[in-house]
Amino acid sequence: MESTPGQRQHQQSVQTRLFYRENSQLYGSTAGAEIATRNQHHNIIPALKSSSIVGSGKSELRDESHRSIGFAVLCGPACGSRIVVVGGPLIGLIAGMALTVASGPVSKSSDMCSKGYYILWTLFFLQFFTCVSCLFEDQIGKFDWRQRYIGKIRFAAFDAVSGTRKILVATEQNVLAALHPKSGNILWQQVLEKDESVQHMHVGKELVSVSGGPRVHVRAWDKTNGLLAWEWSLSQQQSARARWAVDKGRLYHVVPLDGQLEVSAFSLESGFDLGSRRLAAPWTAGGAYDCVLVGATVVCVTQHSFYWTSLADGGAFAEVPLASFDLTPAAVPVLSGVGELAFSLRLPGKQTVFLMGDKGPRAIHEASATASLLATPFDSNIMFKLENKPDSSALQVSAVSLNTGVEVDEYSSTLILGSKFSPCTLTAAICIKDECAAVLSGDDHTISFVNIPGQITWTREEALASIISTEIIDLPVSDLDAAIESEFGSKQEDLGVATGIVGMVMRRLTSQVMQIKVLAQTVLGLVQPASSSGPSRASLIRDTFGLHKMIVAVTSAGKAFGIDNLRGELIWQIQLPRFAPLHVGKSPVVPLYVLRTTSHVPFTPLCAILGKDRLTGEGLAVAFEPIKGLVLSSDALGYKVQQVMQLPHPDDEFLRGLVVLDDQLKVHAYPPESKANAIKQAASLYMFTTWPAKGTFAGFSFAHSTKQDLVATKVWELQLPDGPDREVVAVVGKNPTERVNSQGRVLADRSVMYKYINPNLIAIISQVSDSSHKYILNMYLVDGVSGAVVHSATHKRARAPVNVVHSENWLVYSYFNEKMRRTELASFELYEGKSRSNTTAFSSKSNSVRPLVEQQAYIFPSTVDTMKETITEKGITSKHLIMALPNGNILELPWMFVDPRRPTVQTGEMRDEGVIPYTPELPIPPDAIINYNQTVNRVRGIHTAPSGLESTCLVLVYGLDLFYIRVAPSKAFDLLKDDFDHFLIAAVLLGLVIASYVTKKLAARKARNQAWK
Amino acid sequence: MRETATSGASKSQKKPRWALDFGSTRFKSDNACSVSLPSPPGYNPSAVQVHAESSKENDSSHLIIKKSWDLALGPIKQVPMNLFLMYMAGNSISIFPIMMVGMLIIRPFKSLFTMQQAFKVIEGNQVIGQKFVYLIGNILNIALALYKCHSMGLLPTHSSDWLAFVEPQQRIEYLGGGISFT
């Protein structure tokens, strides 16, 4: 530990020094024992022992020299958790007395705990930091909206038996839900675990679902309200070819073993094992077969024959050669079930529908190979056939009688989808008294409801349940403003008019004549205002406060959406049929960049996404206009994208292009015309990339680019230690749009600790499997330009899931502490010291400052799904962390709570600084849950964006559901409140003005009268 | 007694000639009487006369000078009072101490600006010195007030007071990247 007058090097290990004492009488388990403390200069001083303080009568905190620094008495449950501070600093005393007064007479006694002191301090300070604005009842839904989604359909069925008709679905996202057939609204939904995929769904008296594996859960849900009726589970070996069936109160499970098919039967409601049988099936040996369960019959096919047997009586397989149906397949055909009675055999070029009878399958109909077939349940004996017609963007629905195999003309209809066309399959169909309906599931994850004959009644865009990346984009200015901007903002050459004063005057005059003309026409009603060219275009205009924006969302379903952020309406959607997301590890990513914003009016705004071609796997870049949703270009790049970054400075057409590194480490510019701009900036551009499997990091410089070509030169390489057991968990840089307003932190003595704001800093977290500690989590802070390791830390017996937030001069991440079996947040803050090495510019290459690091860890009483920091336009507003919790809550936690400078010993200086005293546990106050009672399921990401107001940050939470809200971390200091009484204030002002006039007159009259006397 | 008599005599000398002074004869005779008496040893009537003469000569200007010195020393005389007030006001920032400090700082400035006016009525060869003392006194008061402001933390003397004006550092290098896409 070296120490200079202005600087102090701090301890670099991050072993968490949070401890619990077994004292469950108060809050389950409570804090105490040993607490790492810091003096006012933030050096870690030897631990504060408070294990001896559990005495009878009072609980006392002592520091090293055994000076009493305060003691707390915390009454136990017996007296209703009243807290009294009997000593300690004056304010604590006052606060304690206040509490005492508030809680009535205090009974001296009960359990004593050191935590009381901290709780009290926290309570005391919390009253200053009521940072989270509560919500009034009439504000529900005013600044926020939630949309619930369920994902792509896996199983669907109509429920026509119970009181209200509904569609019951099980989805790829492991959600069970009931949809209203008239509107498509969700009547109820049950979200299963993330990895608990639904394997079978059966609708009988109840909705029965079979989900998960290897532990399989069989559950029954009430069809009307989705409540769990009963549940049992069993262990089964995993097999992709396992099939489930429910028939007559029994659940059958068919698993192929080598040369045999094992059929297990269970009582559906009780889960009682009714025994399992193995049926000899020598034809399964090669694996060249396919099986399907038709009702309680298992039907299998090989290249030559059908085999079938009933599950219930369990006889041997019966065999029918395919040749008897005049079928001679070249490869193994594919079987798929068509309702409860029929199945279809799919061969290249055609498919044949068989009806399963007692005597074996009977061919009844032939359809094209791509057609989707589904027989309706009950006795209507109708099978629907859906054929996709991509040429005319339409779906052809027709019906076939199962008895005769002849098409029933009255049910055939053509559904024209236009630009929204995507291939669909039938997932559920029903016919009641000649009225039929079907549920279609699209490849783009849509769920559509069709009345047959008729049209699509509603469509749900379930692709929004799989959003990968989002961006919040400013809306364009109104046409009048646009005219003014184009007058001044456009390039001289574009307009072809003379420059100089005369040219400017001419331009001004022409534009004003234009404006007058437009005004006159509008007033006379000759033309509609130009802004209403689209159906919703009129409202899509930037507002005064910049709160109205456009959310662009790219999904893994090959679809992008434009969503109005105020109400959540879908403004546009574009199909990206060949577009597939890139991957980082197993998770899909789509780099989404705003190439040109909406503020450069003569030029169209431009967004670009990078992905890969579904077929070739090579890079694919799509450029689109983000306000109207028009695809401008879709370019096959001809190389595989390895890494991408955006140019920092725009060219003279305000376009900020992308620099793309391919897998051969060659550099490309996108769009290609921005290459010149890229070369111009190449000297200041750096890029780094990570190969997580190897644990290698490499930094590239473009400084060696020639005048024609961009060249990447490797300037540094970093190899993480620890061999192959290491896994790179997270690599997080800073938000490039972030601005830091305050360059330092004011200390109690009114000096400044300057922040170490290195925009090129990246946080790397790796997890190592270790024999003695099981898991070790390593954190490295690396300068991405120079490759220098600025700081590192190690957590023993800690492991992923890790969520990282890296912003300004601080880093916060959550990890799982294996030893204590809880989630913790580690917080770091970097400072340059009391002086700055360079006050004007920051260069990673010339910067040799080793930052001072503050660090602290906190217990978080929940696991964290994902985390993000708020961001505002100028960075003046304080930062909050937006955390998605697995129980569907979105928590807004002030960063102040995870401030690594929170002192364990509260000194007057720290109080002056406004730092809350350290408490190991972070609170989750209910009023900090920003989504109040609107659960947001399975959150995958949070996007924050600044609004036009400095106080306000826009937050979009996406996952299975979508939730949008705006938050004001430092309260809405630049905005009048909703309930601001404009009327009253105006009335008072007016009244005062009138009163002053009246009294003036009266006074003049009185003076005159006086003069006459 | 003797002195008053002599002063009375000197007064009578100054009186205009046409004025009648009825008591003067007796007084004169008294005087003559006294003259006839031998003076006590070491008594020099002329010396008294001279002294009285000179003080009489500068009486009004002496008053003016005295008055003007009062004026010039006024600010310095306020210093102990101000010190006491400052001590009583304390270092907390609330309305009364702020008002006091405001008064403390505004008053000397005001009097500095109105110095010419204040010394206008006063003439004399000491006016430069008086002005100087007056200036010093006011500056002393200002210094006191500033010290008070400083101890109250009202002066921007710490680096933190200028933090809001510290410009963010210009970025030289730009970095992009992350985990390789596959």
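Rules and cut-offs
- Residues numbered from 1 in each chain as written.
- Chains lettered and ligands numbered in written order.
- Predicted model: local features only at pLDDT ≥ 70, side-chain atom pairs only at ≥ 80, totals over all residues.
- Heavy atoms only, no water.
- Helix = DSSP H or I, 4+ residues; strand = E, 2+ residues; numbered from the N terminus.
- Buried < 20%, exposed > 50% of the residue type's maximum accessible area, 1.4 Å probe, protein only.
- Areas by Shrake-Rupley, 256 points an atom, 1.4 Å probe, with all protein chains shown as cover.
- UniProt positions renumbered as here; feature names shortened; annotations may be inferred.
- Contact = heavy atoms within 4.5 Å.
- Buried area = accessible area lost by both parts, 1.4 Å probe.
- Salt bridge = Lys/Arg side-chain N within 4 Å of Asp/Glu carboxyl O.
- Patch = residues over 30% accessible without salt bridge, like charges linked within 9 Å, V, L, I, M, F, W, Y side chains within 5 Å.
- Pairing = 2+ DSSP bridges.
- Axes fitted to C-alpha atoms, helices over the stretch in contact; angles between N-to-C directions.
- Polar contact = N/O pair within 3.5 Å; in protein donor to acceptor, adjacent residues only side chain to side chain.
- Disulfide = S-S within 2.5 Å.

Undergrad: Describe the overall build of chain A, with residues and values.
TA: A count of helical and extended segments in chain A gives 9 helices and 70 strands. Taken across its 1013 residues, chain A has 53% of its residues classed as buried. Taken as a whole, chain A presents about 45400 Å² of accessible surface, with 55% of it coming from carbon and sulfur.

Undergrad: Residues and numbers for the UniProt feature "transmembrane region" (unreviewed entry) in chain A, please.
TA: Residues given the UniProt feature "transmembrane region" (unreviewed entry) here are residues 83–104, 116–136 and 980–998 of chain A. Annotation note: span residues 980–998 of chain A, helix share 89%, strand share 0%, distance between end C-alpha atoms 29 Å.

Undergrad: Any chance you could break down the interface of chain B and chain A for me, citing the residues and the numbers?
TA: At the junction of the two partners, chain B supplies 24 residues and chain A supplies 51 residues. Here chain B meets chain A over a buried area of about 3200 Å², counting both sides, of which 54% is carbon and sulfur. For chain B, the biggest contributors to the area lost against chain A are B:Gln169, B:Glu173 and B:Phe181; these three give 25% of the whole. Where chain B packs against chain A, one counts 1 salt bridge.

Undergrad: Talk me through unusual backbone geometry; I want residue IDs and the actual numbers.
TA: All names here are of chain A. Of note, the bond from Tyr-670 into Pro-671 is cis; its omega dihedral lies within 30 degrees of zero at -10°. Here Pro-671 shows up in the loop between strand S50 (667–670) and helix H7 (675–681). Cis geometry is adopted by the peptide bond preceding Pro-801, which originates at Ala-800 and carries an omega value of 10°. Of note, Arg-797 is a non-glycine position whose phi angle comes to about 50°, a positive value. Turning to its location among the elements, Arg-797 is positioned in the loop between strand S59 (789–796) and strand S60 (798–807). Judged by relative accessible area, which is 28%, Arg-797 ranks as partly exposed. The phi angle at Lys-971 is positive, at roughly 65°, despite the residue not being glycine.

Undergrad: Residue-level account of a nonpolar patch on the surface, with values.
TA: Together, A:Leu976, A:Phe980, A:Leu984, A:Ile985, A:Val988, A:Leu989 and A:Leu992 make up a nonpolar patch on the protein surface, roughly 640 Å² of accessible area in all. Its place among the elements puts A:Phe980 in the loop between strand S70 (962–967) and helix H9 (982–1012).

Undergrad: Account for the environment of A:Glu231, with residues named and values stated.
TA: Residues and elements named next belong to chain A. Within the fold, Glu-231 resides in strand S16 (residues 228–235). With a relative accessible area of 41%, Glu-231 lands in the partly exposed category. With 37 residues separating them in the primary sequence, Glu-231 and Leu-268 have C-alpha atoms 9.7 Å apart. Filtering out sequence-adjacent residues up to four positions away, Glu-231 remains in contact with His-217, Val-218 and Arg-219.

Undergrad: Which residues make up the sheet that holds strand S33 (residues 424–432) of chain A, and what values go with them?
TA: Residues and elements named next belong to chain A. Judged by pairing direction, the sheet is antiparallel, and its 4 strands sit side by side in the order S33-S34-S35-S36 without closing on themselves. Here the strands that pair on one side only, and so sit at the sheet edges, are S33 and strand S36 (456–461). Direction aside, the axes of adjacent strands within the sheet are offset by 15° on average.

Undergrad: Go over the environment of A:Thr598 with me, naming the residues and quoting the values.
TA: Residues and elements named next belong to chain A. Position of Thr-598 among the secondary structure elements: in the loop between strand S44 (592–596) and strand S45 (606–613). The sequence separation of Thr-598 and Ser-835 amounts to 237 residues, and the corresponding C-alpha distance is 40 Å. Excluding anything up to four places from it in sequence, Thr-598 contacts Ile-473, Asp-474, Leu-475, Pro-476, Arg-542, Pro-605 and Ile-627. Among the polar contacts made by the side chain of Thr-598, one reaches the main-chain carbonyl oxygen of Asp-474 at a distance of 3.0 Å. One polar contact links Thr-598 to Arg-542, side chain to side chain, over a distance of 3.4 Å.

Undergrad: Let's hear about the side chain of A:Asp247: which residues, and what values?
TA: Residues and elements named next belong to chain A. For Asp-247, the position within the fold is in strand S17 (residues 243–247). With a relative accessible area of 18%, Asp-247 lands in the buried category. In this view, Asp-247 contacts Tyr-252 and Ala-296; residues no more than four positions away in its chain are not counted.

Undergrad: Lay out the state of the cysteines with the relevant residues and their values.
TA: Residues and elements named next belong to chain A. Summed over all chains, the structure comprises 2 disulfides over all chains. A sulfur-sulfur distance of 1.8 Å marks the disulfide that ties Cys-291 to Cys-300. Across the S-S bond of Cys-291 and Cys-300 the torsion is about 100°, and the bridge reads as right-handed. There is no split in this pair, since Cys-291 and Cys-300 are both buried. Across the disulfide, Cys-431 is cross-linked to Cys-436 (sulfur-sulfur distance 1.8 Å). Its S-S torsion of about 100° marks the bond between Cys-431 and Cys-436 as right-handed, since a negative value means left-handed. Considered together, Cys-431 and Cys-436 belong to a single accessibility category, that of buried residues. Numbered by position along the chain, the disulfide-linked cysteines of chain A connect as 1-2, 3-4.

Undergrad: Could you give an account of the sheet that holds strand S57 (residues 761–770) of chain A, naming the residues involved and the relevant values?
TA: Residue and element names in this part refer to chain A. Read across the sheet, 4 strands follow the order S54-S57-S58-S59 without closing on themselves; strand pairing throughout is antiparallel. At either margin of the open sheet sits one strand with a lone partner, and together these are strand S54 (726–732) and S59. Neighbour-to-neighbour, the strand axes of this sheet turn through a mean angle of 15°, independent of strand direction. With 10 bridges joining them, S57 and strand S58 (residues 774–783) adopt antiparallel strand pairing. Residue Ser-769 lies in a different strand from S58, and its bridge partner there is Tyr-775.

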